[in-house]
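A look at the structure
Here's the letter readout for the chains.
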Amino acid sequence: MLRGLYTAASGMNAALERTNIITNNLSNSNTPGYKKDQTVNKSFSEMLLNRMPDQEAIGKAGLGAKVDQTVTDFSAGSVHRTDNSLDWAIEGEGFFAVQTPKGVRYTRSGNFTLSQDGQVVTQNGNPVLGQGGSLQVVGEQVNVDNQNNLVVDGQVVDQVRVVTFSDNNGLVKEGDDLYRATPDVGNQFMATGTINQGYLESSNVNVVESMTNMIEATRHYETNQRVIKTYDKSLDKVVNSVGRL
Amino acid sequence: MIRSLWTAATGMKAQQLNIDTISNNLANVNTSGFKKSRVNFQDLMYQSLREAGTPNNQGSQVPAGIEVGHGVRPAATQKLFAQGSFQQTENPLDMAIEGDGFFQVVRPNGQVAYTRDGSFKRDSDGRIVTSDGYPLESDITIPEDATEVSITAEGRVMVKQPGNEEVTEVGQIELARFSNPAGLKSIGRNLFAETPASGNPTVDIPTEDGFGTISQGYLEKGNVKVVEEMTNMIAAQRAYEVNSKAIRASDEMLQQANNLKR
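**A closer look at the side chain of Asn204(A)**
Residue and element names in this part refer to chain A.
- Here Asn204 lies in the loop between strand 21 (199-201) and helix 2 (207-242).
- Owing to a relative accessible area of 7%, Asn204 belongs among the buried residues under this scheme.
- Polar side-chain contacts of Asn204 include one of 2.9 Å to the backbone oxygen of Ser75.
- With residues up to four places along the chain from it excluded, the contact list for Asn204 reads Tyr34, Lys35, Lys36, Asp73, Phe74, Ser75, Ala76 and Gly77.

**Section: the packing of aromatic side chains**
Residue and element names in this part refer to chain B.
- Under the criterion given, the structure shown has 14 aromatic pairs over all chains.
- With a centroid separation of 5.7 Å and 80° between ring planes, the pair formed by Phe81 and Phe102 is classed as edge-to-face. One end of the pair, Phe81, is in the loop between strand 4 (72-79) and strand 5 (86-88); the other, Phe102, is in strand 7 (residues 102-106), with 21 residues separating them in the sequence.
- Classification of Phe81 as partly exposed rests on a relative accessible area of 22%.
- You can call Phe102 buried: its relative accessible area is 1%.
- Relative to Phe178, the ring of Phe102 lies with its centre 5.9 Å away and its plane at 70°, an arrangement referred to as edge-to-face. Note that Phe102 is positioned in strand 7 and Phe178 in the loop between strand 14 (175-177) and strand 15 (185-188), a separation of 76 residues in sequence. Taken individually, Phe102 and Phe178 each receive the classification buried, so the pair is uniform in this respect.

**Some points on the interface of chain B and chain A**
- Listed per partner, the contact involves 63 residues of chain B and 56 residues of chain A.
- Across the chain B/chain A interface, buried area totals approximately 4,700 Å², and carbon plus sulfur atoms make up 48% of it.
- Contact with chain A buries area across many residues of chain B, yet Glu67(B), Met253(B) and Leu260(B) alone supply 14% of it, more than any other trio.
- At the boundary of chain B with chain A, the tally comes to four salt bridges.
- Taking the shortest distance from any N to any O, the salt bridge between Arg73(B) and Asp176(A) comes out at 3.0 Å.

**Some remarks on the pattern of salt bridges**
Residues and elements named next belong to chain A.
- All chains considered together, the criterion is met by 26 salt bridges over all chains.
- Here Asp37 and Lys173 are joined by a salt bridge, their closest N and O atoms 3.3 Å apart. A residue pair is termed long-range when its members are at least 10 positions apart, and Asp37 in strand 1 (residues 37-43) and Lys173 in strand 17 (residues 171-175) qualify at 136 residues.
- Three or more residues are tied together by salt bridges with common partners; here these are Lys102, Arg105, Glu174 and Arg180.

**Description of the sheet that holds strand 8 (residues 112-115) of chain B**
All names here are of chain B.
- Here six strands make up an open sheet; going across it, the order is 15-16-8-7-14-17 and the pairing antiparallel. In the strand order of this sheet, the two ends are held by strand 15 and strand 17 (202-204), each with one partner. Across this sheet, the average inter-strand angle for adjacent strands is 45°, counted without regard to direction.
- Of the strand pairs in this sheet, strand 14 and strand 17 are connected by three bridges, and their pairing is antiparallel. Its bridge partner lying in strand 17, Leu175 is registered against Asp204.

**A word on a negative patch on the surface**
- Residues Glu140(A), Asp153(A), Glu208(B) and Asp209(B) make up a contiguous surface patch of negative charge.
- Along the chain, the position of Asp209(B) falls in the loop between strand 17 and strand 18 (213-216).

**A word on the nonpolar core**
- If you look at the biggest cluster of nonpolar residues, it comprises 22 residues, and the most contacted ones within it are Phe103(B), Phe120(B), Ile128(B), Leu136(B) and Ile173(B).
- Residue assignment for this core shows that the elements contributing at least two residues are strand 6 (95-98), strand 7, strand 11 (148-151) and strand 12 (156-160) of chain B.
- Beyond its immediate stretch of four places on either side in the chain, Ile173(B) contacts Met95(B), Phe103(B), Leu136(B), Ser138(B), Ile140(B), Ile151(B), Glu154(B), Gly155(B), Val157(B), Ile205(B), Pro206(B) and Ile214(B).
- Ranked by size, the runner-up nonpolar core spans 18 residues in total, among them Ile90(A), Val137(A), Val142(A) and Val144(A).

**Notes on the environment of Arg105(A)**
Residues and elements named next belong to chain A.
- You can see Arg105 is positioned in strand 8 (residues 103-107).
- The class of Arg105 is buried, set by a relative accessible area of 8%.
- Expressed as a C-alpha distance, the spacing of Arg105 and Arg180, which sit 75 residues apart in the sequence, is 5.3 Å.
- Apart from the residues within four sequence positions on either side, Arg105 is in contact with Phe96, Ala97, Val98, Thr100, Glu174, Leu178, Tyr179 and Arg180.
- Reaching out from Arg105, the side chain makes a polar contact with the side chain of Glu174 at a distance of 2.8 Å.

Rules behind the numbers
- Residues numbered from 1 in each chain as written.
- Chains lettered and ligands numbered in written order.
- Predicted model: local features only at pLDDT ≥ 70, side-chain atom pairs only at ≥ 80, totals over all residues.
- Heavy atoms only, no water.
- Helix = DSSP H or I, 4+ residues; strand = E, 2+ residues; numbered from the N terminus.
- Buried < 20%, exposed > 50% of the residue type's maximum accessible area, 1.4 Å probe, protein only.
- Polar contact = N/O pair within 3.5 Å; in protein donor to acceptor, adjacent residues only side chain to side chain.
- Contact = heavy atoms within 4.5 Å.
- Phe/Tyr/Trp six-rings, centres within 6.5 Å; stacked < 30°, edge-to-face > 60°.
- Buried area = accessible area lost by both parts, 1.4 Å probe.
- Salt bridge = Lys/Arg side-chain N within 4 Å of Asp/Glu carboxyl O.
- Pairing = 2+ DSSP bridges.
- Axes fitted to C-alpha atoms, helices over the stretch in contact; angles between N-to-C directions.
- Patch = residues over 30% accessible without salt bridge, like charges linked within 9 Å, V, L, I, M, F, W, Y side chains within 5 Å.
- Areas by Shrake-Rupley, 256 points an atom, 1.4 Å probe, with all protein chains shown as cover.
- Lys, Arg positive; Asp, Glu negative; His and termini not counted.
- Charge placed at Lys NZ, Arg CZ, Asp CG, Glu CD.
- Core = buried A, V, L, I, M, F, W, Y, C linked by side-chain atoms within 4.5 Å.

Any functional reading would require information beyond the geometric quantities listed.
So, in structure tokens, the structure goes:
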């Protein structure tokens, strides 16, 4: 069959995958701490074309495109004031460490609450970690100072674990605002980011940019569809006109 | 089918819940003792089309995989117990709590409910009751001939009776406090009920650590800030709209795919 038919189809598939990812960004435009994903498209490796009888190379042909990677953009989202003492936004780099049943996970979404036994927990009830295990609050006034220390009624209780990695791209999204660290993250450090109490970090999705990307992806899809139709017309000619006896 | 159709639908549904919550906050802007809610969103699970770190055909590892998210979900509607502003009413049975405590009132079914709404009244028997007639848990009766009722910051209710120069104490208001007030269940009528998430109440007299003090003649208004809610409403409405645009784009793509076949 005509090779270009499949090449154009690969273009449609890549545009579709890109739309899926842009839509996920848009649906999370109001999720605190959400970091947008970007797709990286890659062309398939080119194929060498050979002349039939003597196998001499006559040139190359491309075979289309595919989505190669999704890369999370960890740039900071805007920060807004909530006045809730357990809303913590990290200014600068870093992630909160959270103890989940599956192990330690990381998050930028700082909308925490207290559990009935006084632990600082995420909205799913997973404890947020400090240097000495989960953060315990027994008292009235909860404060976080500019060294990320948890201060309860004027007493430093613990330091909130705000960590970063040599390569944040090794973090894998797990849903529920959590990231899992794969071996690719390299070493783990204490982050330089400081906690702003009473603030929440919004998602870093830029709606204008996402909408533009979506238009681009849908048009990309449409263009490839046109290409397929054109090939189809050629095939139509081949089958129905050339072959007419 | 196209994943993004369902992804965008989760976004629309989430924003709808957001608008529902914001509307309820705005509807209660003038309700005394009302505490606003907000919806906390989380991203949904991710489908990993290729794991990061898998070896590629050049012998090295791919640095980042392909992950496709499936949208958003509401994780919790969280009650925010920030203090509301106070309004002076000069009504002797209006009380505002400065601090974390709750008034305890007895519902008709005998269970104790908790409220920040301090607009109390006297019923025909002289008991201190809420606007719905639910009495305070520490049943306090004001004598019929009392000429003056004063409530101290510690919650002691004193009355002055004719023919008696001295004030007499008729009762003590106790407040309840929860380690996780966000876990309380709203049962309407400005009342909250305890749940396993809120923990058991600790009860003590006002002015004790963290329980707050009582101010007579004041009412605590709802802690809803109209400007903030309106801004949230705009953001929610636009987020809803942008998700509907994503559905339309996905639909158009499906149409394109359908048009491939003559």
